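Residue-level structural notes
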Amino acid sequence: MKGILKSLEGDKAIWGVVALLALFSFLPVYSASSNLVYVVGNGTTVGHLLKHGLLLVLGFGIIYSVHKIPTHFFKGLSIIALPVVLVLLGYTLAQGTTIEGANASRWIRLPVVGITFQTSNLAAVVLMIYTARYLSKIRDREIRFTESILPLWLPVFLVLILILPANFSTAAILFCMVLMLCFLGGYPTKYLLSIIGAGIVTLALFVLLAKAMPGVFPNRVDTWISRVESFWDGTDSEGDYQIEKAKIAIASGGLIGNGAGKSVMKNFLPQSSSDFIYAIIIEEYGLLGGLSLLFFYMLLLFRIVVVANANQTVFGKLLVIGVGLPIVFQALINMAVAVELFPVTGQTLPLISSGGTSIWMTCLAIGVVLSASRKQDEQKEIEHNTEEHPLEVLSGQL
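This section reports on the structure supplied with the text. Just so you know, these numbers come straight off a predicted model, no measurement behind them.

Each helix and strand counted, the chain has 14 helices and four strands in total. Buried positions account for 47% of the 398 residues belonging to the chain. Within the chain, residue pairs in contact and separated by at least 24 positions form 73% of the contacts whose partners lie at least 6 positions apart. Surface accessibility of the chain: about 19,200 Å² in total, with carbon and sulfur atoms responsible for 68%.

This is how it looks when you write it as structure tokens:
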């Protein structure tokens, strides 16, 4: 056991928070999966728990493997991975999968294992790494907008356009994260305003085309519009059914909750084990449980900022922020949706919600952050050894 712990390098606080979140996730997933079994008639509760456990075990394998990769390797890997991601997104969209008339071209099924894979999750991680690489490359140069269109904004908009038709919320979040990273990376604000304007125009044109030709993108645009309209004017819609049940679950949880596994509303919430699992957590563990979970995500955010600030390179700083911040941002959006502070988005709760490869992509991002923190730990060790035994270090270098 000690040997395993010693092999876990990087920020120990991040390792601890991720492990605690993963261990806690078994309780709400096992409880909420009864909805899939007894209401939907899909599998068994033990089967869903074992699947979730397998995904987490493989996810921690991804974290361990990725955190051993030197940080600078991600620059080249992002260039190689970006064309692959574009092909995967194009293939996913070309499937034209629909569920009850709605565009559901978000997943591809992995051969042999039969697990669904949401390609947009991988695209988000790769695009953030690619953006961090580009920003670090031009950090010490005068930035011209025309020079950055092809190497930066063309790949960004290609990824977003391929995600948008089937998953507006993911495309919008990814766009905001790229803008945030560019702002922190020193990209001129006046150019970012132009990009925001271009994004708004592109979205407006897409909505107009989708409304004019509804057969191209069945129902998705109407769903987005109805969700936003119902959020602002208070009218009832399909999304409001889930929100109302989520609010009932939260209200019935009180301060300390009804106890593990004693949720009632999990039988009425269609996405009780994924999109609305936070409401089930509060129903079973109360306000204290909900706030405790929020605390751990804030602790994760704090450690991500610490790792980014301590990194010695511009690329390392931007890399950590680029892949780490979206994890916490997604968690906050999921929680905000459950308490009706945000329209329904379909975003899961990282490391907690049951699901497929979204867990793996979160683990991939965490592994990248730990890789950056491992590098700074090595630097600290070198500095410490230099202070303690300067002659030995010097002779070793010679």
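With that settled, the discussion passes to the side chain of Ser272. For Ser272, the position within the fold is in the loop between helix H10 (238–253) and helix H11 (277–310). The residues touching Ser272, leaving out its near neighbours within four places in the chain, are Ala32, Asn35, Lys266, Ile277 and Ile280.

Here we take up helix H12 (residues 314–338). Since the α-helix advances by 3.6 residues per turn, residues separated by three or four positions end up pointing in the same direction. For H12, built from 25 residues, the straight-helix expectation of 36 Å at 1.5 Å per residue is met to within 8% by its first-to-last C-alpha distance of 37 Å. The sharpest bend along H12 reaches about 25 degrees and sits at Leu325, with the proline Pro326 one to four residues further on. Along H12, 20 of the 25 residues are buried, which leaves the element largely enclosed by surrounding structure. At the exit of H12 stands Glu340, carrying a positive phi of roughly 60 degrees.

This part covers the packing of aromatic side chains. One pass over the structure, following the stated rule, counts six aromatic pairs. Taken together, a centroid distance of 5.6 Å and an interplanar angle of 75 degrees make the contact between Trp153 and Tyr187 edge-to-face. Taken together, the residues Trp153 in helix H6 (residues 145–163) and Tyr187 in the loop between helix H7 (168–184) and helix H8 (189–212) connect sequence positions 34 residues apart. Following the ring pairs from residue to residue traces out a cluster consisting of Phe145, Trp153, Tyr187 and Tyr191.

Attention now goes to the environment of Ser65. Relative to the helices and strands, Ser65 is located in helix H3 (residues 45–67). Ser65 sits 302 residues away from Gly367 along the chain, and the two C-alpha atoms are 7.6 Å apart.

Now for the pattern of salt bridges. Counted under the stated rule, the structure contains five salt bridges. Between Glu9 and Arg374 there is a salt bridge, with the nearest N and O atoms lying 4.0 Å from each other. With Glu9 in the loop between helix H1 (2–7) and helix H2 (12–39) and Arg374 in helix H13 (residues 358–388), the pair connects residues that are 365 residues apart, well separated along the chain. Exposure remark for Glu9: the relative accessible area of 24% places this residue in the partly exposed category. For Arg374, a relative accessible area of 11% puts it in the buried group. Across the pair Glu340 and Lys247 runs a salt bridge, and its minimum N-O distance is 2.7 Å. Remark: Lys247 occurs in helix H10 and Glu340 occurs in the loop between H12 and H13; sequence separation between them is 93 residues. Of the residues examined, Glu340 reaches a relative accessible area of 27% and is grouped as partly exposed. The partly exposed category is assigned to Lys247, whose relative accessible area is 30%. Shared partners join several salt bridges into a network, and the residues in it are Glu9, Lys68 and Arg374.

Turning next to a nonpolar patch on the surface. Judged by side-chain polarity, Leu255, Ile256, Leu287, Leu288 and Leu291 come together as a nonpolar surface patch covering roughly 500 Å² of accessible area. As for its position among the elements, Leu255 is in the loop between H10 and H11.

Let us look at the environment of Leu294. By the element assignment, Leu294 lies in helix H11. You can call Leu294 partly exposed: its relative accessible area is 27%. A sequence separation of 38 residues divides Leu294 from Leu332, and the C-alpha atoms of the two residues are 8.1 Å apart.

Cut-offs applied
- Residues numbered from 1 in each chain as written.
- Predicted model: local features only at pLDDT ≥ 70, side-chain atom pairs only at ≥ 80, totals over all residues.
- Heavy atoms only, no water.
- Helix = DSSP H or I, 4+ residues; strand = E, 2+ residues; numbered from the N terminus.
- Buried < 20%, exposed > 50% of the residue type's maximum accessible area, 1.4 Å probe, protein only.
- Contact = heavy atoms within 4.5 Å.
- Areas by Shrake-Rupley, 256 points an atom, 1.4 Å probe, with all protein chains shown as cover.
- Expected span 1.5 Å × (residues − 1).
- Bend = angle between axes of the 7 residues up to and from the residue.
- Phe/Tyr/Trp six-rings, centres within 6.5 Å; stacked < 30°, edge-to-face > 60°.
- Salt bridge = Lys/Arg side-chain N within 4 Å of Asp/Glu carboxyl O.
- Patch = residues over 30% accessible without salt bridge, like charges linked within 9 Å, V, L, I, M, F, W, Y side chains within 5 Å.

Geometry only, nothing functional implied.
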